[in-house]
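Fold and contact review
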Amino acid sequence: MTRLAYFPAVYPGELLYSLLARYHQHMGAPSSIHTMEALYGQRLVVASLDLPGHLRALADHLPAGTDWTAVRLAGELTLLPYYTAFQPAAVRRQARGAMLQGQTDGLMMRLGMATFRAGRVTTLRFCASCLRQMHGQYEEYYWRRDHQLPGVLVCPDHGCPLQASAVSLTERGRHIY
């Protein structure tokens, strides 16, 4: 197994999907396949916005000395805590375990989210005020986790409506960040 020599810093409230997309952009990889192989050691990992899999493989490839474990990635950079907030501890553990191992097929169904009225986010969303702050502080943009939560329509920091981006998750390939 080869560890990455570089991995971007995580920004406040950043979504793992965003972090991995920034890695892909920073590295200038010729294709998503190269990025997937570097991040996970395999080519065909699904680039999931909310409940990504193979987090143990990802954590194992991160640079030496990083404090990002697979469990920490799942808990702090994905939507797992949101989807399992009212689930029993055993269900939370099973869902996290599925994400660590990469067995996420049907996970939304197993969590009872398939009938959730708000539905999954299919177009990434942003707050214009947050974008100005991001650019001023970091000189680049990122996707915030709380802006991608189903049913959340307003930025919790600025109180303004979230705007839909041009990034549609249903129109992109399953392996593209």
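These numbers come from a predicted model, not from an experiment. (Residues numbered from 1 in each chain as written. Predicted model: local features only at pLDDT ≥ 70, side-chain atom pairs only at ≥ 80, totals over all residues. Heavy atoms only, no water.)

A few words on the packing of aromatic side chains. Each aromatic ring pair is summarised here by two numbers: the centre-to-centre distance and the angle between the ring planes. Going through the model one piece at a time under the given rule, you end up with 6 aromatic pairs. When the centroid spacing of 6.5 Å and the interplanar angle of 15 degrees are considered together, the rings of Tyr6 and Tyr23 count as stacked. Of the two residues, Tyr6 is situated in the segment before α1 (16-27) and Tyr23 in helix α1; the sequence distance between them amounts to 17 residues. Residue Tyr6 is classed as partly exposed on the basis of its relative accessible area, which comes to 35%. Look at Phe7 and Tyr23: their rings are 5.9 Å apart centre to centre, the planes differ by 35 degrees, and that puts the pair in the tilted class. Of the two residues, Phe7 is situated in the segment before α1 and Tyr23 in helix α1; the sequence distance between them amounts to 16 residues. With respect to burial, Phe7 and Tyr23 carry one shared label: buried. One aromatic cluster is present, formed by Tyr6, Phe7 and Tyr23 through successive ring pairs. Between the NZ or CZ atom of Arg72 and the centre of the ring of Trp68, over which it lies, the distance is 3.8 Å. (Phe/Tyr/Trp six-rings, centres within 6.5 Å; stacked < 30°, edge-to-face > 60°. Helix = DSSP H or I, 4+ residues; strand = E, 2+ residues; numbered from the N terminus. Buried < 20%, exposed > 50% of the residue type's maximum accessible area, 1.4 Å probe, protein only. Lys NZ or Arg CZ within 6 Å of the ring centre and 35° of its normal.)

Once that is clear, we can look at the side chain of Arg125. You can see Arg125 is positioned in strand β1 (residues 123-126). With no salt bridge to any partner, buried Arg125 finds its closest opposite charge in Asp146, at an N-O distance of 8.9 Å. Looking at Arg125, its side chain comes within polar contact range of the main-chain oxygen of Val152, at 3.0 Å. In this structure Arg125 touches Trp143, His147, Gln148, Leu149, Pro150, Val152, Leu153, Leu162, Gln163 and Ala164, once residues within four positions along its chain are discounted. (Lys, Arg positive; Asp, Glu negative; His and termini not counted. Salt bridge = Lys/Arg side-chain N within 4 Å of Asp/Glu carboxyl O. Polar contact = N/O pair within 3.5 Å; in protein donor to acceptor, adjacent residues only side chain to side chain. Contact = heavy atoms within 4.5 Å.)

If you walk through the whole model with that rule in mind, you get 0 disulfides. You can see Cys130 has no disulfide; the closest cysteine sulfur is in Cys155, sitting 3.6 Å from it. Note on Cys160: no disulfide assigned, nearest cysteine sulfur contributed by Cys127 at a separation of 3.4 Å. (Disulfide = S-S within 2.5 Å.)

Our next topic: the side chain of His24. Among the structural elements, His24 can be located in helix α1. Here the side chain of His24 touches Thr35 through a polar contact of 2.3 Å, side chain to side chain. Those residues within four positions of His24 in sequence are excluded, and the remaining contacts are Ala29, Ser31, Ser32 and Thr35.

Attention now moves to helix α6 (residues 89-101). Along its 13 residues, α6 runs 18 Å from first to last C-alpha, staying within 8% of the 18 Å computed at 1.5 Å per residue. When we look at burial in α6, the residues that qualify are Ala95, Ala98, Met99 and Leu100. In the core, the buried residues of α6 are packed alongside α3 (55-61), α4 (70-77), α5 (80-83) and α7 (107-110). Gly102 lies just past α6 and shows a positive phi near 95 degrees. (Expected span 1.5 Å × (residues − 1).)

So, on to the environment of Tyr6. Separated by 103 residues in the primary sequence, Tyr6 and Met109 have C-alpha atoms spaced 36 Å apart. Every residue in contact with Tyr6, bar those within four places of it in the chain, is listed here: Tyr23, His26, Met27 and Pro63. One polar contact links Tyr6 to His26, side chain to side chain, over a distance of 2.6 Å.

Another point: the pattern of salt bridges. Taken as a whole and judged by the stated rule, the model has 7 salt bridges. Where Arg43 meets Glu37, a salt bridge forms, and the shortest distance between an N and an O atom there is 2.8 Å. Here Arg72 makes a salt bridge to Asp67, at a shortest N to O gap of 3.2 Å. Residues participating in the shared-partner salt-bridge network are Glu14, Arg22 and Glu140.

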